[in-house]
Amino acid sequence: MSPPRRIVLMAVGSLGDLHPYIAIALGLKGRGHDAVVATSPCYRAKVEALGLGFRPVRPDCDRVDDPSFMARYMDPRRGTVRVLRELFLPALRDSYEDATAAASGADLLVSHTIFYATRLVAAKTGIPWVSTAITPSALYSIHDPPMFPGRPGVSRLLRPLGPAFWRGAWNFASLATRHWAGPIRQLEAELGLPAVKGHPLVDAHSPELALALFSPVLAPKPPDWPPQVKVTGFPFFDLRDGDEPGLPGELARFLDDGPPPIVFTLGMSSANVAGRFFEDSLAAAESLGMRAVLVGKRHSVVEPADPARAIWCEYAPYSQLFPKAAIIVHGGGIGTTGLSMRAGRPMLVVPFSHDQPDNADRLRRLGIARVLPGPRYSAPRVAAALRLLRDDPSCARRAAEVGERVSGEDGVSAACDALEGRLRPGIPGDH
């Protein structure tokens, strides 16, 4: 048992970005540590309601539920670049200032991939730090290259070209985007810090310990990931502000009163740019004669005609809903991906941007999902894809096998063990 320490976990972005760190913080708190979550001010109430320490860091992510705002940053081809160059890098000095204050008295810092200030604070203060990746695409590999957002077809065509091609592609991309890191290089120089080797937007892993916070079933560790990377499994967290554990009563009754339904849901970011997702979903389920659960903000246009065949639910804990589904339709965010895998159900994945296309393709390659890109989502296409999933017993069998494997993992415990190991002198975190 490690003596109590103050561990500060720094993460920004959507709730999907934040939840893995909340899960780990709760695990650390359960072991007697002072776990502090440093994140956007808009999440203060959520973090403090769980009895965790909170420190605000910029940029604030309070506009992730604004459709007009998110349309720009969920663009399939340009969204990721815009998030970096318009949101996070311009706020780097503010992030550094806030992170420095949050790190006061800390024994260990834990950083989200995109929160670049943590490395600078650690270098300046000497506080040990651990980097993390919540998605496989955040750890580039020439042996397992990620999908290009917005160009999934091109990615699939190029994937078989092998490591030599992908090494050259990566070197070219690194050279072409190196200037994006200008704000990091400038702040490094002003702080009197040595410049990090490589590309500071993608190569800045902690030299001591980097946690891959997802299942090795989704992405087994390839030979060219940094040797200090430890794959922990998914650290699951599945509770919304103010909600009690358990399924809402009306939804629980619906599930008990008929055959397993298709569950249709999108993460907050995707839902804001999804257009007619719920209208088309309901029409597809009706055409197949299957029941449907629609999870998300209530849509003013769509109203299920028969309450015995379909139900709206603004929120439900996926960990309890997904195992009761026949098929899960989701956007491919990493948190929903992990919970769907653990539930052991076939999936139709509807990716839009960022890591979603890569997560979707990994599920497809596992043989447990079909993929329909978000911009192509329509009732006839959805019905056709769902029919293939429904009528393929081998997909259901493989999904159940994956569910068994993921259910046997404990990502929170593995992550906490590794962090405690990092705090013990002379013992590496992946002992």
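Residues numbered from 1 in each chain as written. Predicted model: local features only at pLDDT ≥ 70, side-chain atom pairs only at ≥ 80, totals over all residues. Heavy atoms only, no water.

**Student:** Would you mind going over the nonpolar core in detail, with residue names and values included?
**Tutor:** Ranked by size, the top nonpolar core spans 136 residues in total, and within it Leu 109, Phe 264, Leu 321, Met 341 and Leu 386 carry the most contacts. Considering every element that reaches this core, the biggest residue donor is helix H1 (residues 15-30), with seven residues. Excluding anything up to four places from it in sequence, Leu 109 contacts Val 8, Met 10, Ala 103, Thr 118, Val 121, Ala 122, Ile 127, Pro 128, Trp 129 and Val 130. (Core = buried A, V, L, I, M, F, W, Y, C linked by side-chain atoms within 4.5 Å. Buried < 20%, exposed > 50% of the residue type's maximum accessible area, 1.4 Å probe, protein only. Helix = DSSP H or I, 4+ residues; strand = E, 2+ residues; numbered from the N terminus. Contact = heavy atoms within 4.5 Å.)

**Student:** If you had to explain the sheet that holds strand E12 (residues 347-349) to someone new, which residues and values would you point to?
**Tutor:** Through backbone hydrogen bonds, the strands of a sheet pair up, either in parallel or in antiparallel fashion. Spatial strand order, E10-E9-E8-E11-E12-E13: six strands in an open sheet with parallel pairing. Single-partner strands in this sheet number two, and they are strand E10 (310-313) and strand E13 (369-371). Within the sheet, the average angular offset between the axes of one strand and its neighbour, ignoring direction, is 15°. (Pairing = 2+ DSSP bridges. Axes fitted to C-alpha atoms, helices over the stretch in contact; angles between N-to-C directions.)

**Student:** Would you mind going over the pattern of salt bridges in detail, with residue names and values included?
**Tutor:** In this structure the tally under the stated criterion is 20 salt bridges. With a shortest N-O distance of 2.9 Å, Arg 362 and Asp 358 are connected by a salt bridge. Note that Arg 362 and Asp 358 are positioned in helix H15 (residues 356-365) at a spacing of four residues, about one turn of the helix. According to the relative accessible area criterion, Arg 362 is buried, its value standing at 4%. Linked by salt bridges that have partners in common, Asp 144, Arg 156, Arg 159, Asp 358, Asp 361, Arg 362, Arg 364 and Arg 365 make up one network. (Salt bridge = Lys/Arg side-chain N within 4 Å of Asp/Glu carboxyl O.)

**Student:** How would you sum up the state of the cysteines? Please name residues and give values.
**Tutor:** Per the stated rule, a full pass over the model turns up zero disulfides. Cysteine Cys 61 remains unbridged, with the sulfur of Cys 42 as its closest cysteine sulfur at 6.0 Å. The buried category is assigned to Cys 61, whose relative accessible area is 8%. (Disulfide = S-S within 2.5 Å.)

**Student:** Quick one: what's the story with H15, residue by residue and with numbers?
**Tutor:** Along H15, eight of the 10 residues are buried, which leaves the element largely enclosed by surrounding structure. Three or more residues of H15 are buried, namely Gln 356, Pro 357, Asp 358, Asn 359, Ala 360, Asp 361, Arg 362 and Leu 363. Downstream of H15 by a residue or two, Gly 367 has a phi angle that is positive, lying close to 80°.

**Student:** Outline helix H18 (residues 411-423), supporting the account with residue identities and numerical values.
**Tutor:** For H18, spanning 13 residues, the distance from its first C-alpha to its last is 19 Å, which sits close to the expected 18 Å at 1.5 Å a residue. Listed as buried for H18 are Gly 411, Val 412, Ala 414, Ala 415, Cys 416, Ala 418, Leu 419, Glu 420, Gly 421 and Leu 423. Against the buried residues of H18 lie strand E1 (6-10), H1, strand E4 (108-111), strand E5 (129-133), strand E6 (210-212) and strand E7 (229-231). (Expected span 1.5 Å × (residues − 1).)

**Student:** Go over the sheet that holds E4, please, and point to the residues and values.
**Tutor:** Taken in spatial order, the seven strands make up an open sheet running E3-E2-E1-E4-E5-E6-E7, and their pairing is parallel. Edge strands, defined here as strands with exactly one partner in the open sheet, are strand E3 (53-56) and E7. Averaged over neighbouring strand pairs, the angle between their axes works out to 25° when direction is ignored. Note that strand E2 (residues 34-39) and E3 share four bridges and pair parallel. The residue bridging Val 37 from the neighbouring strand is Phe 54, located in E3. Of the strands in this sheet, E1, E4, E5, E6 and E7 touch H18, which is tilted by about 140° from E4.

**Student:** Kindly report on the confidence of the model for the protein chain, identifying the contributing residues and their values.
**Tutor:** Within the protein chain, residue pLDDT values average 89, and 93% of them lie at 70 or more. Across residues 426-431 the pLDDT falls below 50, and counting only partners more than four positions away or on other chains, this stretch makes 16 contacts in the model. (pLDDT = per-residue confidence, 0-100.)

**Student:** Give a detailed account of the environment of Asp 392, specifying residues and quantitative values.
**Tutor:** Within the fold, Asp 392 resides in the loop between helix H16 (379-390) and helix H17 (393-407). A relative accessible area of 27% places Asp 392 in the partly exposed class. Along the primary structure Asp 392 and Pro 346 are separated by 46 residues, whereas in three dimensions their C-alpha atoms are 9.5 Å apart.

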